[in-house]
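Spelled out, the chains give:
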Amino acid sequence: VLTNYYKFYTLQFLISQIWGIAALMIIIIIQPELRQALAQIGFWRLFRSTKVTEVLMVDEICKAVSVMAASRTGALIAIERTIGLRTYAEKGVEIDASVKSELIRNIFYTGAPLHDGGVIINNGKITAAACLFPLTMRPVEDQSLGTRHRAAIGLSEETDAVVLVVSEETGQASIAMEGRLLKHLPIPIIRSFMVNALRYRDNREFLDLEFSKIETERMQSEILVKKSSHDIADKDVPQEEKGHPYV
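Residues numbered from 1 in each chain as written. Predicted model: local features only at pLDDT ≥ 70, side-chain atom pairs only at ≥ 80, totals over all residues. Heavy atoms only, no water.

Q: Help me out: how do you make sense of the pairing of strand E4 (residues 125-131) in this one?
A: The side chains of a regular strand alternate between both faces of the sheet. Along E4, five of the seven residues are buried, which leaves the element largely enclosed by surrounding structure. Pairing between strand E2 (residues 93-98) and E4: four bridges, direction antiparallel. Within the sheet, the bridge partner assigned to Glu-94 lies in E4 and is Ala-128. In this sheet, E4 lies alongside strand E3 (residues 118-122) in antiparallel orientation, the contact comprising four bridges. Directly across from Asn-122, in E4, lies its bridge partner Lys-125. The antiparallel pairing of E3 with E4 creates a hairpin that spans two residues between the two strands, and Asn-123 there sits at a positive phi of about 55°. (Buried < 20%, exposed > 50% of the residue type's maximum accessible area, 1.4 Å probe, protein only. Helix = DSSP H or I, 4+ residues; strand = E, 2+ residues; numbered from the N terminus. Pairing = 2+ DSSP bridges.)

This is the structure in structure tokens:
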């Protein structure tokens, strides 16, 4: 005000420039803390192309799962949604790499240094590997489920992560979320469910319906397979042995 009153225009110009430079310096100095704070409140999600980047990420994961299932390579992959997995990531080995099918397969390759434990994926990045997940304390009906499946269920009970499991015994892929396990899923269903789980992460009602829908379809598919197998076996039995009424 005084500089304007006394017509100190040069001084006024210099002071206005100093304020701009000072503001820029403050932003630069606190940049790491500012970025961390904004990341924790999910600020950056507003500025990223969620649909495109997450679909591409899911495609890379599904490609890896498909190959590992065919070779019966055990795997455990947790995809973070709204609840952070930093506690578990800190207990593993930090990676910070883009999600690529080849990298995931190399991590879980039998004999590789990081193949034991789980991989954590967050914001399109593999953040850690060889992570220890909590095992579920609930009784599991299917006694054939191994440690990986119990760890997948356990993590899904404590967080809202989507957890993928590949069994090294059967080569079957499964998904755990919110304490529930969908077993023996084909890759197209896994892809569809993961895309929806990330896209509608805040719509629990929708995801519950999606989960129930997949579970029902899987059960119906199993019934049809059993019925088909029974019909084939029934056709192979001679009419005399079946006690046909017209024989």
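There is more to say after this.
Q: Please explain the sheet that holds strand E1 (residues 75-79) as it appears in this structure.
A: Two orientations exist for strands paired in a sheet by backbone hydrogen bonds: parallel and antiparallel. Spatial strand order, E2-E4-E3-E1-E5-E6-E7: seven strands in an open sheet with mixed pairing. Only two strands of the sheet have a single neighbouring strand rather than two, namely E2 and strand E7 (180-182). Each neighbouring strand pair of the sheet contributes to a mean axis angle of 20°, computed without reference to strand direction. Packed on one face of the sheet, helix H7 (residues 147-158) meets E1, strand E5 (162-166), strand E6 (173-177) and E7 and runs near 175° to E5. (Axes fitted to C-alpha atoms, helices over the stretch in contact; angles between N-to-C directions. Contact = heavy atoms within 4.5 Å.)

Q: Looking at this model, I keep getting lost on helix H8 (residues 187-199). Mind explaining?
A: Quick reminder: α-helices carry 3.6 residues per turn. Residues three or four places apart thus point the same way. Between its first and last C-alpha, H8 extends 18 Å over 13 residues, near the 18 Å set by a 1.5 Å rise per residue. Considered for burial, the residues of H8 that qualify are Ile-190, Phe-193, Met-194, Val-195, Asn-196, Ala-197 and Leu-198. (Expected span 1.5 Å × (residues − 1).)

Q: Which parts of the structure should I look at to understand the packing of aromatic side chains?
A: Given two aromatic rings, one states the distance between the centres and the angle between the planes to describe the pair. Within the structure shown, the criterion is met by one aromatic pair. Judged by centre distance (6.3 Å) and plane angle (90°), the rings of Tyr-88 and Phe-133 are edge-to-face. In this pair, Tyr-88 is assigned in helix H5 (residues 86-89) and Phe-133 in the loop between E4 and H7, connecting sequence segments 45 residues apart. With respect to class, Tyr-88 is no different from Phe-133; both count as buried. (Phe/Tyr/Trp six-rings, centres within 6.5 Å; stacked < 30°, edge-to-face > 60°.)

Q: Explain the environment of Arg-72 to me, please; I cannot follow it from the model alone.
A: Tracing the backbone through its elements, the reader meets Arg-72 in the loop between helix H4 (50-71) and E1. Each C-alpha atom, one on Arg-72 and one on Gly-171, is 4.3 Å from the other, the two residues being 99 residues apart in sequence. Ignoring sequence-local partners within four residues, the contact set of Arg-72 consists of Ser-167, Glu-168, Glu-169, Thr-170 and Gly-171. At 3.0 Å, the side chain of Arg-72 and the backbone oxygen of Glu-169 are in polar contact. (Polar contact = N/O pair within 3.5 Å; in protein donor to acceptor, adjacent residues only side chain to side chain.)

Q: Before we go on, may I ask you to explain the pairing of E3 in this structure?
A: The element E3 is extensively covered by neighbouring structure, given that five of its five residues are classed as buried. Side chains of E3 alternate between two faces, with Gly-118, Ile-120 and Asn-122 and Val-119 and Ile-121 buried alike. Sheet topology note: the E1/E3 ladder contains three bridges and is parallel. Residue pairing in the sheet places Ala-78 in a bridge with Ile-120 of E3.

Q: What am I meant to see in the side chain of Glu-60 here?
A: Note on placement: Glu-60 falls in helix H4. Only 2.8 Å separates the side chain of Glu-60 from the backbone nitrogen of Ser-101, close enough to count as a polar contact. Ignoring anything within four residues of it in the chain, the contact list for Glu-60 reads Val-99, Lys-100, Ser-101 and Glu-102.

Q: Please explain the side chain of His-115 as it appears in this structure.
A: Mapped onto the elements of the fold, His-115 is located in the loop between helix H6 (101-108) and E3. Of the residues examined, His-115 reaches a relative accessible area of 19% and is grouped as buried. One polar contact links the side chain of His-115 to the main-chain carbonyl oxygen of Ala-112, over a distance of 2.8 Å. Side-chain polar atoms of His-115 contact the side chain of Asp-116, separated by 3.3 Å. His-115 has contacts with Ile-107, Phe-108, Tyr-109 and Arg-148, leaving out every residue within four places of it along the chain.

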